[in-house]
Amino acid sequence: DAGITQSPRHKVTETGTPVTLRCHQTENHRYMYWYRQDPGHGLRLIHYSYGVKDTDKGEVSDGYSVSRSKTEDFLLTLESATSSQTSVYFCAISRTSGHNEQFFGPGTRLTVL
Amino acid sequence: ILNVEQSPQSLHVQEGDSTNFTCSFPSSNFYALHWYRWETAKSPEALFVMTLNGDEKKKGRISATLNTKEGYSYLYIKGSQPEDSATYLCAFKDQAGTALIFGKGTTLSVSS
């Protein structure tokens, strides 16, 4: 299995609070991604990174920010969580942007009350 | 935003049946097509990465074909087993895009 972990695995928070999710990899892959999974929508890309300090927006980036200060860590921050951000969040990594498969982390279940 | 369509949305087959799913994507500026298998309560796992028109990939009883000129890929499962029950995702990237676009998946249920 690819060395990719997410923390926390579960979190319950209240509307308006900041939340940070962490993705950590030991594979030295260049590309890292944050997705959210919601019923009826499948996997939707929030943000991705193509190197240290290099990030870009995905399909559903509003309300989220990311940072990548080291190759191995990709942080997803919800500055002020809303109930619509209740979801399961998956981190993924890949060596290239399309010609190599993505490896997914175990997921973080976030509930915003 | 590019559209990646998968059909059917779900299907139920009996053990031993063979089945196939379709993934449709834009036929211009093709770069790559991925298939992933996603079991309940687990994370998606890659099945195939396909990059050339006419590509055919096989892993055990599962195989996939790719037609980039008409914008579709088929995933075949021969002799379905209960352990094949999962959601099968395809994902597409064109040459201008910077990340994969995932379809919503086909959920397969295999009864013994």
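Up top is the structure these notes are about.
Trainee: Could you give an account of empty space enclosed by the protein, naming the residues involved and the relevant values?
Mentor: If you roll a probe as big as a water molecule over the atoms, it shows you where there is empty space left. For the structure shown, the criterion picks out one cavity of 30 Å³ or more. Of the voids in this model, the largest cavity is the one considered here, and its volume is about 30 Å³. Lining the largest cavity are A:Tyr35, A:Leu43, A:Arg44, A:Leu45, A:Glu59, B:Leu100, B:Ile101 and B:Phe102. Counting residues per element, the lining of the largest cavity draws most heavily on strand S5 (residues 42-51) of chain A, which supplies three residues. Classifying every residue of the lining of the largest cavity gives six nonpolar, no polar and two charged.

Trainee: Residue-level account of the interface of chain B and chain A, with values.
Mentor: Contacts between the two partners involve 19 residues from chain B and, on the opposite side, 20 residues from chain A. A combined buried area of about 1,600 Å² lies between chain B and chain A, and 64% of that area is made up of carbon and sulfur atoms. Where chain B touches chain A, the interface holds zero salt bridges. Summed over the shared surface of chain B and chain A, the result is five residue pairs in polar contact (both at pLDDT 80 or more).

Trainee: Can you lay out unusual backbone geometry for me, pointing to particular residues and giving the numbers?
Mentor: With an omega dihedral of -10°, the bond running from A:Ser7 to A:Pro8 counts as a cis peptide bond. Along the chain, B:Ser7 connects to B:Pro8 via a cis peptide bond; the corresponding omega equals -5°. The phi angle at A:Asn28 is positive, at roughly 60°, despite the residue not being glycine. Looking at the secondary structure, you find A:Asn28 in the loop between strand S3 (19-25) and strand S4 (31-38). With a phi angle near 55°, B:Asn29 is a residue other than glycine that sits in the positive phi range. Position of B:Asn29 relative to the elements: it lies in the loop between strand S3 (19-24) and strand S4 (30-38).

Trainee: Quick rundown of the pairing of strand S7 (residues 64-70) of chain A? Include the residues and the values.
Mentor: All names here are of chain A. With five bridges joining them, S7 and strand S8 (residues 73-78) adopt antiparallel strand pairing. Paired with Tyr64 across the two strands is Leu78, which belongs to S8. What sits between S7 and S8 in their antiparallel hairpin is a turn of two residues.

Trainee: Pulling in residues and values, what's your account of the state of the cysteines?
Mentor: All names here are of chain A. All told, the structure shown has two disulfides over all chains when counted by the stated rule. Between the sulfur atoms of Cys23 and its disulfide mate Cys91 the distance is 1.9 Å. Measuring the twist about the S-S bond at about -70°, one finds the Cys23-Cys91 disulfide to be left-handed. Note that Cys23 is positioned in strand S3 and Cys91 in strand S9 (residues 87-94), a separation of 68 residues in sequence. You can call Cys23 buried: its relative accessible area is 0%. When its relative accessible area of 0% is taken as the criterion, Cys91 is described as buried.

Trainee: Hey, could you go over the side chain of A:Ser94 for me, with residue numbers and the actual values?
Mentor: All names here are of chain A. The topology assignment puts Ser94 in strand S9. A polar atom in the side chain of Ser94 sits 2.6 Å from the backbone oxygen of Thr96. When sequence neighbours within four positions are dropped, the list of residues in contact with Ser94 reads His29, Arg30, Tyr31, Tyr33, Asn100, Glu101 and Gln102.

Trainee: Account for the environment of A:Val19, with residues named and values stated.
Mentor: Residues and elements named next belong to chain A. Here Val19 lies in strand S3. Taking the relative accessible area as the measure of exposure, Val19 reaches 1% and is therefore buried. Val19 sits 15 residues away from Ile4 along the chain, and the two C-alpha atoms are 20 Å apart. Beyond its immediate stretch of four places on either side in the chain, Val19 contacts Lys11, Thr13, Leu76, Thr77, Leu78, Ala81 and Leu110.

Trainee: Account for the environment of A:His41, naming residues and giving values.
Mentor: All names here are of chain A. Secondary-structure assignment places His41 in the loop between S4 and S5. On the basis of relative accessibility, which here comes to 36%, the residue His41 falls in the partly exposed class. Separated by 24 residues in sequence, His41 and Thr17 have C-alpha atoms that sit 25 Å apart.

The rules behind each value
- Residues numbered from 1 in each chain as written.
- Chains lettered and ligands numbered in written order.
- Predicted model: local features only at pLDDT ≥ 70, side-chain atom pairs only at ≥ 80, totals over all residues.
- Heavy atoms only, no water.
- 1 Å grid on protein atoms, 1.4 Å probe; cavity = no way out; pocket = protein on both sides within 12 Å on 5 of 7 lines; lining within 4 Å.
- Points joined across faces, edges and corners; volume = space filled by probe spheres on them.
- Helix = DSSP H or I, 4+ residues; strand = E, 2+ residues; numbered from the N terminus.
- Nonpolar A, V, L, I, M, F, W, Y, C, P; charged D, E, K, R; others polar.
- Contact = heavy atoms within 4.5 Å.
- Buried area = accessible area lost by both parts, 1.4 Å probe.
- Salt bridge = Lys/Arg side-chain N within 4 Å of Asp/Glu carboxyl O.
- Polar contact = N/O pair within 3.5 Å; in protein donor to acceptor, adjacent residues only side chain to side chain.
- Pairing = 2+ DSSP bridges.
- Disulfide = S-S within 2.5 Å.
- Buried < 20%, exposed > 50% of the residue type's maximum accessible area, 1.4 Å probe, protein only.

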